[in-house]
Amino acid sequence: MRIHIATDHAGLDFSTQLQEHLRSIGHDVIDHGPIEYDAADDYPAFCIRAAQGVVADQQAGLEALGVVFGGSGNGEQIAANKVEGVRAALVWNLSTAELAREHNNANVISIGARQHSFEEVVSFIELFINTPFPGDERHVRRIAQIADFERDGSLLPDPRA
């Protein structure tokens, strides 16, 4: 599987270690930056490029997921979610990693590098990568509603109206 990775300065060490780990277990890793530590770097472009890479690969029929890091993972998730077709999930434990795939078919995982040990991060990412989307009708329906809004602003009618 191809894994697109991006971070900010807070996640650079994690990103470097994670890339080595993922390559060692057979994944094709694409690093979207940064390439060196800069405490004043701006993560949005890195994370958006990683998210765009995931979408482009998926549209081309390739198996691809993304991993974005930051101090908390919040801003990185927000940036990735600005790309049409991305469903980035902030993950902080094994349950949220698994549910992101099972319920939301998330294609990008966001993690706070300052919040977890490297071993925890690896366990979240490996579970995320290895958990398939089962395609339950209710989840497919909900994901389609999100995609409809993203594409054209359409929503289901308000039952209170």
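Residues take numbers from 1 onward in each chain, read along the sequence in its written order. Totals for whole chains, interfaces and linings use all residues, but because this is a predicted model, local features are given only for residues with pLDDT of at least 70 and pairs of side-chain atoms are given and counted only at 80 or more. Where side-chain values are given, they derive from all heavy atoms of the structure, hydrogens and water being excluded.

Trainee: Honestly, the nonpolar core in this entry has me stumped. Any pointers?
Mentor: Nonpolar side chains in soluble globular proteins tend to end up buried together. Residues belong to a common nonpolar core when they are buried Ala, Val, Leu, Ile, Met, Phe, Trp, Tyr or Cys residues joined through side-chain atoms within 4.5 Å. Note on classification: 1.4 Å probe, protein chains only; a residue is buried when its accessible area is under 20% of the maximum for its type, exposed when over 50%, partly exposed between these limits. Counting residues in each nonpolar core, the largest one holds 24 residues, and the members touching the most others are L18, L22, V67, F69 and I125. What counts as a helix is a DSSP run of H or I of at least four residues, what counts as a strand is a run of E of at least two, and both are numbered from the N terminus. Elements with a contribution of two residues or more to this core: β1 (2-6), α1 (12-24), β3 (64-70), α4 (94-104), β5 (108-112) and α5 (118-130). Here, residues are in contact when the closest pair of their heavy atoms is within 4.5 Å. Setting aside anything within four residues of it in sequence, one finds L22 in contact with I3, I5, H27, V29, I125 and I129. Among the nonpolar cores identified, the runner-up in size contains 14 residues, and V68, A80, V86 and A88 belong to it.

Trainee: Honestly, the packing of α1 against α5 in this entry has me stumped. Any pointers?
Mentor: Between two packed helices, the angle of one axis relative to the other and the distance separating the axes together describe the packing. Helix axes are fitted only over the stretch in contact, all axes being lines through C-alpha atoms; the angle between N-to-C directions runs from 0 to 180 degrees. Axis separation between α1 and α5 bottoms out at 11 Å; the angle between their running directions is 50°. If you check the angle between α1 and α5, you find them oblique. By crossing handedness, the relation of α1 to α5 is classed as right-handed. The residues of α5 that touch α1, namely those facing F14, Q17, L18, H21 and L22, are F118, V121, V122, I125, E126 and I129. Of the residues that constitute the contact of α1 with α5, the class distribution is eight nonpolar, two polar and one charged. Any angle that is under 35 degrees is reported as roughly parallel, and any over 145 degrees as roughly antiparallel; angles of 65 to 115 degrees are reported as roughly perpendicular and all others as oblique. Handedness of a helix crossing follows the sense of rotation of the near helix relative to the far helix, less than a right angle counterclockwise being left-handed and clockwise being right-handed. Any residue outside Ala, Val, Leu, Ile, Met, Phe, Trp, Tyr, Cys, Pro, Asp, Glu, Lys and Arg is labelled polar, Gly included; the first ten of those are nonpolar and the last four are charged.

Trainee: I would appreciate a short explanation of the environment of R142 in the present structure.
Mentor: Along the chain, R142 turns up in helix α6 (residues 137-152). For R142, a relative accessible area of 42% puts it in the partly exposed group. Separated by 39 residues in sequence, R142 and H103 place their C-alpha atoms 9.2 Å apart.

Trainee: Would you mind going over unusual backbone geometry with me for this structure?
Mentor: Of note, the amide linkage connecting G33 to P34 takes the cis form, showing an omega dihedral of 0°. You can see P34 is positioned in the loop between β2 (28-31) and α2 (43-59). Here N105, not a glycine, exhibits a phi torsion of approximately 45°, which is positive. Along the chain, N105 falls in the loop between α4 and β5.

Trainee: Got a minute to help me understand the packing of α4 against α5 in this structure?
Mentor: Close contact between α4 and α5 brings their axes to 8 Å; oriented N to C, the two are set at 20°. It follows from the interaxial angle that α4 and α5 lie roughly parallel. You can see that α4 and α5 cross each other, and the crossing is right-handed. Along its contact with α4, which presents L94, A97, E98, A100 and R101, the element α5 presents S123, F124, L127 and F128. Of the residues belonging to the contact of α4 with α5, the class tally is six nonpolar, one polar and two charged.

Trainee: What am I meant to see in the pattern of salt bridges here?
Mentor: One side chain can pair with another of opposite charge once the charged atoms of both are near each other. The working definition used for a salt bridge is a side-chain nitrogen of Lys or Arg within 4 Å of a carboxyl oxygen of Asp or Glu. Summed over all chains, the structure comprises seven salt bridges. For the salt bridge of R160 with D158, the shortest nitrogen-to-oxygen distance reads 2.9 Å. Given a relative accessible area of 36%, D158 falls into the partly exposed group.

Trainee: Looking at this structure, I do not really get the sheet that holds β5. What am I missing?
Mentor: By way of backbone hydrogen bonds, the strands of a sheet pair with one another, either parallel or antiparallel. Any two strands with at least two DSSP bridges between them are considered paired. Pairing within the open sheet is parallel, and its five strands lie in the order β2-β1-β3-β5-β4. Two strands close off the open sheet at either side, each with one partner strand: β2 and β4 (88-90). Within the sheet, the average angular offset between the axes of one strand and its neighbour, ignoring direction, is 25°. Sheet analysis places β4 next to β5, joined by three bridges and oriented parallel. In the sheet register, A89 faces β5, and the bridge partner there is I109. The sheet strands contacting α1 are β1, β2 and β3, and the helix crosses β1 at an angle near 170°. Set on the sheet, α2 makes contact with β1, β3 and β5; between it and β1 the angle comes to about 165°.

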